[in-house]
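# Coordinate analysis (summary)
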Amino acid sequence: MINNPEIGTHYDEESVLEVEDLTVTFAMGSPWRRKVLVPVNHVSFSLKKDEALGLVGESGSGKSSIAKALTRIYTPTSGEMYFHGTNVAFIRGSELRKYRQKVQMVFQDPYSALNPLKTVHQQVQRPLRLIGNTQYSVDSLLEAVGLSRDLQYKLPHELSGGQRQRVVIARAMALNPEIIVADEPISMLDVSIRASILSLMNDLRRRYHVGYLYITHDLASARFFSDRIMVMYGGHLVEIARSAELIRRPFHPYTQLLLAATPSKRQQKSALPQTGYSTPNLWSTAKGCPFAPRCLYVRGECTINRPPWTWVSSTHGVACFANELFRQPGSQM
Amino acid sequence: MIRPVREKFPLSLRSLRKVDEVKRPSSIWSRMLGNTKFRWGLTIFMLFVLMAILAPVISPYSPTLTSFTPLDPPSLKHLLGTTANGQDVLSQVIWGTRISLGVGVGAGALSIVISIAIGLLAGYKGGLADKILTTVTNIVLVIPGLPLIIVVAAYVRATGPLTIALVIGLTGWAWGARVLRSQSLSLASRDYVTAAKLQGNSDAYIIRQEILPNMISLIVANFVYSVLSAILAEAALEFLGFGNVSDVSWGTMLYWANNGQALLSGAWWWFVPPGLAIAMVGASLALMNYGVDEIANPKLSVHRKRRANKRS
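Residues numbered from 1 in each chain as written. Chains lettered and ligands numbered in written order. Predicted model: local features only at pLDDT ≥ 70, side-chain atom pairs only at ≥ 80, totals over all residues.

### As for the overall build of chain A
Heads up, the rule is: Counting from the N terminus, the helices are the DSSP runs of H or I reaching at least four residues and the strands are the DSSP runs of E reaching at least two. Note on method: radius of gyration uses C-alpha positions; expected globular size equals 2.2 Å times residues raised to 0.38. Partly exposed residues are those whose C-beta has more than 12 but fewer than 20 other C-beta atoms within 10 Å; 20 or more makes a residue buried and 12 or fewer makes it exposed, with C-beta atoms placed from the backbone. Residues are treated as contacting if the C-beta atoms built from their backbones sit within 7 Å of each other.
Along its length, chain A carries 10 helices and 12 strands. For a compact globule of 333 residues, the expected C-alpha radius of gyration is about 20 Å, and chain A comes in at 21 Å, within 12% of that figure. Seen along its three principal axes, the alpha-carbon backbone of chain A occupies a region of about 60 × 50 × 45 Å. When each of the 333 residues of chain A is scored for burial, the buried share is 45%. The long-range fraction of contacts in chain A, counting pairs at least 24 apart against all pairs at least 6 apart in sequence, stands at 65%.

### Focus on the interface of chain B and chain A
On the side of chain A, 22 residues touch chain B, which itself brings 14 residues to the contact. Per element, the largest residue contribution to the side of chain B that touches chain A is 5 residues, and it comes from helix 10 (residues 191–198) of chain B.

### Some points on the packing of helix 5 (residues 89–125) of chain B against helix 12 (residues 216–239) of chain B
Any two packed helices are characterised by the angle at which their axes cross and by the distance between the axes. Residues and elements named next belong to chain B. How we decide: The convention used is that axes are lines fitted to C-alpha atoms, helices contributing only their stretch in contact, and that angles between N-to-C directions extend from 0 to 180 degrees. When describing relative orientation, an angle under 35 degrees is termed roughly parallel and one over 145 degrees roughly antiparallel, while 65 to 115 degrees is termed roughly perpendicular and anything else oblique. Two helices crossing with the near one rotated counterclockwise from the far one by less than a right angle form a left-handed crossing, whereas a clockwise rotation gives a right-handed crossing. Each residue gets one label: Ala, Val, Leu, Ile, Met, Phe, Trp, Tyr, Cys and Pro are nonpolar, Asp, Glu, Lys and Arg are charged, and the others, such as Gly, are polar.
Two numbers describe how helix 5 lies on helix 12: the axes approach to 7 Å, and their chain directions differ by 135°. Of the possible angle classes, the one that applies to helix 5 and helix 12 is oblique. Once helix 5 is placed against helix 12, the crossing between them reads as right-handed. Taking contact as the criterion, the partners of Ser 100, Val 103, Gly 104, Val 105, Ala 107, Gly 108, Ser 111, Ile 112, Ser 115 and Ile 116 in helix 5 are, on helix 12, Ile 219, Asn 222, Phe 223, Ser 226, Val 227, Ala 230, Ile 231, Glu 234 and Ala 235. Looking at the contact of helix 5 with helix 12 residue by residue, the class counts come to 11 nonpolar, 7 polar and 1 charged.

### Focus on the sheet that holds strand 11 (residues 309–311) of chain A
All names here are of chain A. Our working definition: Each pair of strands is called paired provided DSSP finds at least two bridges between the two strands.
Reading across the sheet, the 8 strands line up as 6-7-8-3-9-10-12-11 and stay open at both edges, with mixed pairing between neighbours. Unpaired on one side and paired on the other, strand 6 (103–106) and strand 11 mark the two borders of the sheet. Across the sheet, the mean angle separating the axes of adjacent strands is 20° when strand polarity is ignored. Looking at chain direction, strand 3 (residues 52–56) and strand 8 (residues 211–216) are connected through 5 bridges and run parallel.

### As for helix 1 (residues 63–70) of chain A
Residue and element names in this part refer to chain A. Burial runs high along helix 1: 8 of the 8 residues are buried. Residues of helix 1 that are buried: Lys 63, Ser 64, Ser 65, Ile 66, Ala 67, Lys 68, Ala 69 and Leu 70. The positive-phi residue at the C-terminal boundary of helix 1 is Arg 72, with phi of around 60°.

### Quick notes on the nonpolar core
Note the threshold: Each nonpolar core consists of buried Ala, Val, Leu, Ile, Met, Phe, Trp, Tyr and Cys residues. Their C-beta atoms, within 7 Å, join them into a set.
Within the largest apolar cluster, 162 residues are counted, with the highest numbers of intra-cluster contacts made by Leu 213 and Tyr 214 of chain A together with Val 224 of chain B. Ignoring any residue separated from it by four or fewer positions in sequence, one finds Leu 213 of chain A in contact with Leu 47, Leu 53, Leu 55, Ala 67, Leu 70, Ile 179, Val 181 and Ala 182 of chain A.

### Side note on the environment of Tyr 136 of chain A
Note that Tyr 136 of chain A resides in the loop between helix 3 (120–130) and helix 4 (138–144). Here Tyr 136 of chain A is in contact with Leu 128, Leu 141 and Ala 174 of chain A, once residues within four sequence places are set aside.

### Considering the sheet that holds strand 4 (residues 78–83) of chain A
Residue and element names in this part refer to chain A. Spatial ordering of the open sheet is given by 2-1-4-5, a layout of 4 strands whose pairing is antiparallel. In this open sheet, the two edge strands, each paired with only one partner strand, are strand 2 (35–48) and strand 5 (86–87). Here 2 bridges tie strand 4 to strand 5, and the two strands are oriented antiparallel to one another. Residue pairing in the sheet places Phe 83 in a bridge with Thr 86 of strand 5. Contacting strand 1 (15–28), strand 2 and strand 4, helix 1 runs over the sheet at an angle of about 65° to strand 2.

### Focus on the packing of helix 5 of chain B against helix 8 (residues 161–171) of chain B
All names here are of chain B. Two elements in contact, helix 5 and helix 8, have axes whose closest approach is 8 Å; the angle formed by their N-to-C orientations is 35°. Considering how the two elements wind past one another, helix 5 and helix 8 form a crossing that is right-handed. Packed against helix 5, whose contacting residues are Ile 99, Gly 102, Val 103, Gly 106, Ala 107, Leu 110 and Ser 111, the element helix 8 presents Pro 161, Ile 164, Ala 165, Ile 168 and Gly 169 at the interface.

### So, the pairing of strand 10 (residues 236–242) of chain A
Residues and elements named next belong to chain A. By the criterion of burial, strand 10 is predominantly enclosed, with 6 of the 7 residues buried. Of the strand pairs in this sheet, strand 9 (residues 228–233) and strand 10 are connected by 6 bridges, and their pairing is antiparallel. Note on strand 10: the bridge partner recorded for Met 232 is Leu 237. Where strand 9 folds back onto strand 10 in an antiparallel hairpin, the turn is made up of 2 residues, including Gly 234, whose phi is positive at roughly 55°. Here strand 10 runs beside strand 12 (residues 317–319); their pairing, made up of 2 bridges, is antiparallel. Within the sheet, the bridge partner assigned to Glu 239 lies in strand 12 and is Val 318.

### Observations concerning the pairing of strand 4 of chain A
Residues and elements named next belong to chain A. Bridge analysis of strand 1 against strand 4 gives 5 bridges, and the strand direction is antiparallel. For Val 19, the partnering residue across the bridge sits in strand 4 and is Met 81. Hairpin geometry of strand 4 and strand 5 is characterised by an intervening segment of 2 residues between the two adjacent antiparallel strands and by a positive phi of about 50° at His 84.

### Re unusual backbone geometry
Residues and elements named next belong to chain A. Of note, the phi angle at Asp 50 is positive, near 60°, even though the residue is not glycine. Looking at where Asp 50 falls in the secondary structure, it is placed in the loop between strand 2 and strand 3. Positive phi, close to 55°, is recorded for Asn 176, a residue that is not glycine. In this structure, Asn 176 sits in the loop between helix 5 (161–173) and strand 7 (179–183). For Asn 176, a count of 18 C-beta atoms within 10 Å puts it in the partly exposed group.

### Thoughts on the environment of Pro 177 of chain A
Residues and elements named next belong to chain A. Checked against the element boundaries, Pro 177 lands in the loop between helix 5 and strand 7. For Pro 177, a count of 20 C-beta atoms within 10 Å gives the class buried. Residues Pro 177 and Arg 100 lie 77 residues apart in sequence; the distance between their C-alpha atoms is 8.8 Å. Apart from residues lying up to four places away in sequence, Pro 177 is in contact with Gln 101, Lys 102, Val 103, Gln 104, Ala 172 and Val 210.

### Here we look at the environment of Leu 285 of chain B
Residue and element names in this part refer to chain B. Within the fold, Leu 285 resides in helix 14 (residues 268–296). When the C-alpha atoms of Leu 285 and Leu 162 are compared, they prove to be 22 Å apart, with 123 residues separating the residues in sequence. Once residues lying within four places of it in the same chain are set aside, the contact partners of Leu 285 are Gly 41, Phe 45, Val 224, Val 227 and Leu 228.

### Structural notes on the confidence of the model for chain B
All names here are of chain B. Operational definition: Per-residue confidence from the predictor is reported as pLDDT, which spans 0 to 100.
Residue-level pLDDT values for chain B average 83, and 85% of them are 70 or greater. Under a pLDDT of 50 for its full length, residues 1–23 has, in the predicted model, 2 contacts with residues more than four places off or in other chains. Model confidence for the complex is summarised by a pTM of 0.80, with the ipTM given as 0.85.

The following block contains the structure:
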């Protein structure tokens with residue numbers, strides 16, 4: 001059992017969403033040679049009210065699958081997702097519709113996130129109409145995301161990537177959501193406007209009390225934007241901590257590798273702290289820790305058993321056998 | 001050929017001027033009318049439509065009147081001559097437009113409606129629905145079209161234009177369904193469709209508002225194609241005598257011309273006009289199809305543009 005003071009109860013005043021043992025699987029191959037892919041493997045975490053939770057990992061680590069499971073585009077294979085104390089992992093019909101309206105999404109590609117044939121006005125007005133939201137108007141939403149109202153009768157192809165992403169955010173805000181799942185919202189934008197989109201999202205968090213699951217592969221932007229950061233590798237949640245703490249004292253060997261790979265003022269001259277470049281094994285037959293083939297601290301049990309989850313402090317948890325790393329924090333950097 | 005530098009300057013000025021103009025997106029219809037191939041195709045097709053509508057006004061005689069000299073070659077009295085039964089060929093061609101176009105458009109419309117329903121449902125819903133519908137589509141696809149139509153038409157007793165349109169429409173939807181399925185499969189995975197789902201829109205709304213409008217050019221292309229194949233299938237069926245041979249259409253004209261040994265007696269004016277009419281309508285529809293294709297798939301017209309640039 002996971003010893004988790006944050007997740008122990010199903011209803012916590014502070015938590016908007018509590019995810020327990022979430023597993024998403026895909027059946028691949030033909031029916032007689034079925035292989036099962038596990039992009040999200042028994043992941044537990046919670047999202048507090050108005051919190052920005054970063055989710056960092058490389059391609060194929062299961063970040064986007066978590067996003068799609070939280071918005072219920074995918075139905076989880078097992079596990080629970082408590083939204084204000086109600087398990088929403090397997091709801092259907094009108095319940096699902098109501099839940100989805102509370103958990104909106106901002107997409108990676110602003111070019112495919114807007115219907116090319118509808119004006120900005122139409123795209124933002126539809127959700128307002130749908131829930132009968134009279135609190136906001138298209139004008140006020142566009143203003144809130146920093147767009148001129150002159151843009152409202154334009155079509156998506158007449159807007160820049162940054163403007164489109166703002167329209168996407170306005171459209172999400174129209175439903176008055178409690179959580180916005182932002183799946184790499186800035187990775188396809190020009191570098192010069194990335195920070196402004198992140199500040200906009202931060203601003204909306206303060207003004208409208210919306211929580212974020214901010215998914216990225218970039219530790220630097222996760223640190224800039226989020227209160228806490230989760231690190232995923234091969235479908236496993238490997239570490240979670242407050243942003244500053246995670247950067248200062250990373251415990252998991254993979255987090256350390258990620259940090260070492262981040263460009264910084266200090267020149268990284270030595271080789272990266274890893275033993276190989278293999279990609280994680282996501283098949284359901286995989287055993288042990290997915291990072292074991294690349295890990296400097298690998299030991300026998302790493303390839304046999306799933307690493308235990310340890311809360312080093314009340315807010316800093318890690319899934320690793322090499323507990324000597326936790327006692328001499330940061331020394332491996 | 002090296003383009004003179006001078007030419008670049010006015011080009012950039014022109015593009016600067018464009019910034020001030022309010023750029024209205026050209027709608028799909030205006031883009032289609034701007035396409036030369038489509039315009040030509042539409043013009044020819046509309047001429048035939050006019051001919052069908054105005055048949056009572058413009059045809060010189062009744063198409064079923066048999067009181068003329070048989071096998072009279074074209075003359076001022078009979079611009080396209082007469083048949084072996086003593087009917088006026090021109091009047092028959094004009095009146096025949098009605099059935100030929102009517103059956104073609106009707107069958108095309110029926111098959112595109114079935115294609116849209118099956119293709120969109122399979123592509124959008126996915127899963128088991130997709131598997132079942134794709135299997136059905138593939139089965140219909142591998143059945144050879146014309147032989148099936150012949151078998152069905154031979155078994156149905158009351159063969160009139162309506163039956164033939166129904167038979168063609170109900171057998172000709174498979175290819176369109178397949179094309180529309182793959183397109184809606186691709187559209188259904190776009191982020192804006194996901195966003196529409198997250199907003200809590202109904203499936204009907206998403207299909208109607210988010211997916212269908214984005215594949216209208218493909219639908220038009222498929223409609224034009226199915227009208228074309230329906231007209232050809234209808235002519236083929238009637239030529240083979242599976243229609244009601246007392247109806248006047250291009251297909252039955254060819255049937256009677258064949259029965260009346262028009263080829264042997266050298267009565268070219270009997271079989272060339274209906275054949276030419278079928279070919280012209282076919283060409284007009286094919287032109288429209290190419291035009292729509294170029295708009296839906298801009299890569300096709302790149303080559304042409306490049307050639308036009310070279311010329312200037």
